[in-house]
Amino acid sequence: MYEQISHTLLNDILNKLEYDASQHDLRHFYTRLGANFYGIHSLLQTLYGDRDDFEQQALKLVETMARQYIERPPVLRQKDIDREQDYNWFLDQKWVGMALYSQGFAGDLQGVTKHLGYFQELGVNLVHIMPVMRCPEGSSDGGYAVSDFRTLDPRVGDLNDLKQLTQEMRERDMLLVLDVVVNHTSDEHEWAQLARNGYTNFQDYYYTFTNRNVPDMFEQNMPEVFPETSPGNFTWDEEMQRWVMTVFNDYQWDLNYSNPEVFIEMLDIILYWANRGADILRLDAVAFLWKKIGSTCQNEREAHLILQLMKDCCQVTAPGVAFIAEAIVAPVEVIKYFGEDAVIAKECEIAYNATFMSLLWDAVATKNVKLLKQGIKSLPVKLERATWLNYIRCHDDIGLGFDDSDIAKVGYDPITHRQFLINYYTGNYPDSHAKGQPFGHNKKNGDARISGSLASLVGLEYAIETGNSDDIDSAVNFILLLHSLILSFGGIPLLYYGDEIGTINDNSFTDDPDKANDNRWMHRPIIDWDKAERRHTSGTVEFHLFNSLKRMIAVRKEINVFADFNNRNLIDVDNEHLFVFERNSLDFNDKTVLVIANFDSKPQSLHLENIAVGSHQPMPQIVDLYSGSSPDIFNNTIVVPGYGFYWLSTKL
Ligand code: GLC
């Protein structure tokens with residue numbers, strides 16, 4: 001868009017840029033800057049327009065983008081161009097992800113590089129390596145308290161190790177996801193140290209106050225993220241003699257994005273990691289980016305504007321890099337992190353589907369899909385060219401983040417129902433074999449979330465202990481059922497390391513004083529590679545899980561309608577144990593696939609008249625694409641085994 005004010009400013013900025021087009025080939029940079037500058041300028045104006053140094057800040061921003069563009073390695077610049085052409089690249093069903101800690105998975109980055117063949121064996125081609133940046137030696141919130149954004153944690157490796165890894169991943173057509181913790185820094189970060197030493201410009205990087213007046217006003221509306229271990233949202237810093245906002249742990253200082261210096265620094269860091277070869281950047285805790293007295297300080301409009309600005313700027317320098325929004329918030333809020341519009345107010349291409357995740361856990365506990373169906377129906381349709389990250393488990397706790405109104409609609413009382421789920425997953429409910437622990441219990445309002453590994457939450461740990469082979473089979477089938485859904489729902493499935501071999505809780509974290517008070521460590525395993533070897537021995541749990549998942553992943557990649565083009569229809573059936581949806585395509589050549597998942601332990605039946613495939617007369621032959629065989633059908637009724645699933649296609 002041509003608009004005089006921004007255009008004049010852009011001309012001024014380009015005249016002042018210390019980079020000279022004759023020394024560097026900046027053609028692509030200029031084209032993209034021209035295309036995005038109107039948007040960048042309007043966002044900057046809205047966020048920082050009232051500052052006297054507005055134009056200087058705008059210049060600094062463009063300089064940052066130009067410098068990082070110049071530093072961008074040719075191979076990545078070429079990737080940008082390829083992805084600009086193939087702009088739906090991240091919607092493809094060929095992507096299957098896994099999230100892991102490099103230390104837990106294989107010791108360090110070199111270990112991950114050595115195990116790239118393991119991912120390929122399974123079919124995983126997108127790897128999210130959780131925080132790799134330097135963080136304090138002691139407590140660091142699993143690396144989410146960063147003390148230096150430009151070096152690696154020596155325990156993980158160094159930049160050469162990362163280079164080696166990215167090169168090998170590129171050769172294997174695999175994508176790398178890295179975290180940028182944009183909301184806060186560790187109190188050991190240089191900026192925090194300078195703030196402590198009295199530099200007021202660095203105190204302005206954070207929210208710091210000499211007394212409790214402002215903090216107390218904030219506290220009236222701010223919820224607590226870690227109520228047990230880090231109650232309140234402010235911490236008194238003795239050295240600085242000021243209160244500092246610490247929404248997460250007391251050693252994680254929230255960054256102040258109302259200061260444009262902070263924005264520019266963080267953009268520089270985002271582009272720095274883009275230039276180190278990350279294909280996708282996971283922006284951590286994005287819901288918290290803007291703080292306003294009188295609000296919960298989550299999901300504020302300005303947080304969205306910050307993300308739009310980050311996206312616009314990244315599109316100028318590194319357009320091939322996609323963003324993941326890590327916003328574990330209410331369903332109506334999550335969807336907003338894709339942006340308001342696919343072109344003019346774009347934010348993150350990918351977002352965690354925390355709603356689907358928590359609804360799946362509801363269905364596991366209740367053995368029915370009432371709330372799952374209701375919750376999915378209430379989830380607003382997302383933008384085009386945006387996709388979900390569908391997951392069952394991750395390194396965090398499971399929040400019961402569904403809407404109270406949805407819970408009520410399906411006939412439960414929200415408070416009692418949530419309490420039931422906590423009891424169920426902590427094994428305090430008759431017949432529950434789950435071995436989770438409550439996380440983040442808030443004594444003030446009774447809220448809690450759940451920690452525990454997938455295998456332990458679905459009863460595999462219990463079944464192995466008791467040696468009951470039927471129970472082992474049921475738990476394994478449950479693990480497969482849940483994966484069949486994240487692999488078919490629409491979006492990028494994100495497996496969690498260890499789940500592919502049924503890794504149970506690891507309670508050794510209690511021996512480590514830096515971890516003992518955070519039971520999320522129970523599900524952040526150290527992979528036992530001897531156990532993983534058993535994936536080659538038939539008859540073992542590891543063999544069953546790994547090879548079934550491997551098959552599922554391979555089949556997913558063959559099914560075009562599993563690419564995410566908002567092509568999913570939820571199908572209402574009159575059996576409350578069955579979750580049924582259809583993936584379809586406008587292309588007549590593509591098959592429609594009907595996904596049926598049975599959350600009950602007993603076989604369930606479904607009348608084919610209820611669903612589209614049943615309307616064909618005579619009945620076409622129905623095939624389950626996963627197993628390659630036809631399911632049991634009797635009198636136009638299909639039978640789904642207990643904890644079974646189908647990916648059905650009608651054979652033409
Ligand atoms: C994100 C991370 C979580 C961390 C928090 C604070 O939610 O996933 O592990 O505790 O951010 O950084």
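Data block above holds the structure.
Scoring rules and cut-offs
- Residues numbered from 1 in each chain as written.
- Predicted model: local features only at pLDDT ≥ 70, side-chain atom pairs only at ≥ 80, totals over all residues.
- Heavy atoms only, no water.
- Helix = DSSP H or I, 4+ residues; strand = E, 2+ residues; numbered from the N terminus.
- Rg over C-alpha atoms; globule rule 2.2 N^0.38 Å.
- Buried < 20%, exposed > 50% of the residue type's maximum accessible area, 1.4 Å probe, protein only.
- Contact = heavy atoms within 4.5 Å.
- Areas by Shrake-Rupley, 256 points an atom, 1.4 Å probe, with all protein chains shown as cover.
- Near = heavy atom within 4 Å.
- Polar contact = N/O pair within 3.5 Å; in protein donor to acceptor, adjacent residues only side chain to side chain.
- Nonpolar A, V, L, I, M, F, W, Y, C, P; charged D, E, K, R; others polar.
- Core = buried A, V, L, I, M, F, W, Y, C linked by side-chain atoms within 4.5 Å.
- Pairing = 2+ DSSP bridges.
- Axes fitted to C-alpha atoms, helices over the stretch in contact; angles between N-to-C directions.
- Parallel < 35°, antiparallel > 145°, perpendicular 65-115°, else oblique.
- Left-handed = near helix turned anticlockwise from the far one by under 90°.

Engineer: Help me out: how do you make sense of the overall build of the chain in this one?
Structural biologist: Along its length, the chain carries 23 helices and 27 strands. Here the C-alpha radius of gyration of the chain, 25 Å, is about what a compact globule of 652 residues would show, namely 26 Å. For the chain, the spread of C-alpha atoms along the principal axes amounts to about 75 × 55 × 50 Å. Residues counted as buried form 62% of the 652 residues belonging to the chain. Considering only intrachain contacts with a sequence separation of at least 6, the fraction spanning at least 24 residues in the chain is 72%. Carbon and sulfur atoms make up 48% of the accessible area of the chain, which amounts to about 25,500 Å² in all.

Engineer: Help me understand the site of the ligand in this model?
Structural biologist: Surrounding the ligand, one finds Asp-141, Tyr-144, His-184, Phe-226, Phe-248, Gln-252, Arg-282, Asp-284, Glu-326, His-395, Asp-396 and Arg-520. Within the contact set of the ligand, an oxygen atom lies 2.9 Å away from a side-chain nitrogen or oxygen of His-184. In this structure, an oxygen atom belonging to the ligand sits 2.9 Å away from a side-chain N or O atom of Asp-284. Relative to its unbound accessible area of 310 Å², the ligand is 95% covered by the protein chains. Of the residues belonging to the shell around the ligand, the class tally is 3 nonpolar, 3 polar and 6 charged.

Engineer: Just to check I follow, could you spell out unusual backbone geometry for this structure?
Structural biologist: Negative phi characterises most residues that are not glycine, and trans characterises most peptide bonds. A positive phi is found at Asp-173, a non-glycine position, where the angle reads about 55 degrees. Residue position: Asp-173 is located in the loop between helix H8 (159-171) and strand E5 (175-180). Not every positive phi belongs to a glycine, and Tyr-643 is a case in point at roughly 50 degrees. Within the secondary structure, Tyr-643 sits in the loop between strand E26 (637-640) and strand E27 (645-650).

Engineer: How should the nonpolar core be read in this particular structure?
Structural biologist: One recurring pattern in soluble globular proteins is that nonpolar side chains are buried together. Core analysis: the biggest nonpolar cluster contains 212 residues, and Tyr-257, Met-266, Leu-283, Met-310, Phe-579, Phe-599 and Trp-647 have the highest contact counts within it. With 11 residues, helix H12 (residues 260-275) is the single largest residue contributor to this core. With 14 residues, the next largest nonpolar core counts Val-573, Leu-594, Ile-611 and Leu-648 among its residues.

Engineer: Looking at this structure, how should I read the sheet that holds strand E8 (residues 234-237)?
Structural biologist: To summarise the sheet geometry, strands pair through backbone hydrogen bonds and adopt either a parallel or an antiparallel arrangement. Judged by pairing direction, the sheet is antiparallel, and its 3 strands sit side by side in the order E7-E9-E8 without closing on themselves. At either margin of the open sheet sits one strand with a lone partner, and together these are strand E7 (208-209) and E8. Strand direction decides the pairing type here: E7 and strand E9 (residues 242-245), joined by 2 bridges, are antiparallel. Bridge pairing in E9 links Thr-208 to Val-244.

Engineer: Hey, could you run me through the packing of H12 against helix H13 (residues 301-317) in this one?
Structural biologist: A pair of packed helices is captured by two measures, namely the crossing angle of their axes and the spacing between those axes. Contact geometry for H12 and H13: axes closest at 11 Å, N-to-C directions at 45 degrees. Judged by the angle between their axes, H12 and H13 are oblique. As H12 runs across H13, the sense of the crossing is right-handed. On H13, the residues touching Phe-263, Met-266, Leu-267, Ile-270 and Leu-271 of H12 are Ile-306, Leu-309, Met-310, Cys-313, Cys-314 and Thr-317.

Limitation: the analysis is restricted to geometry and does not speak to function.
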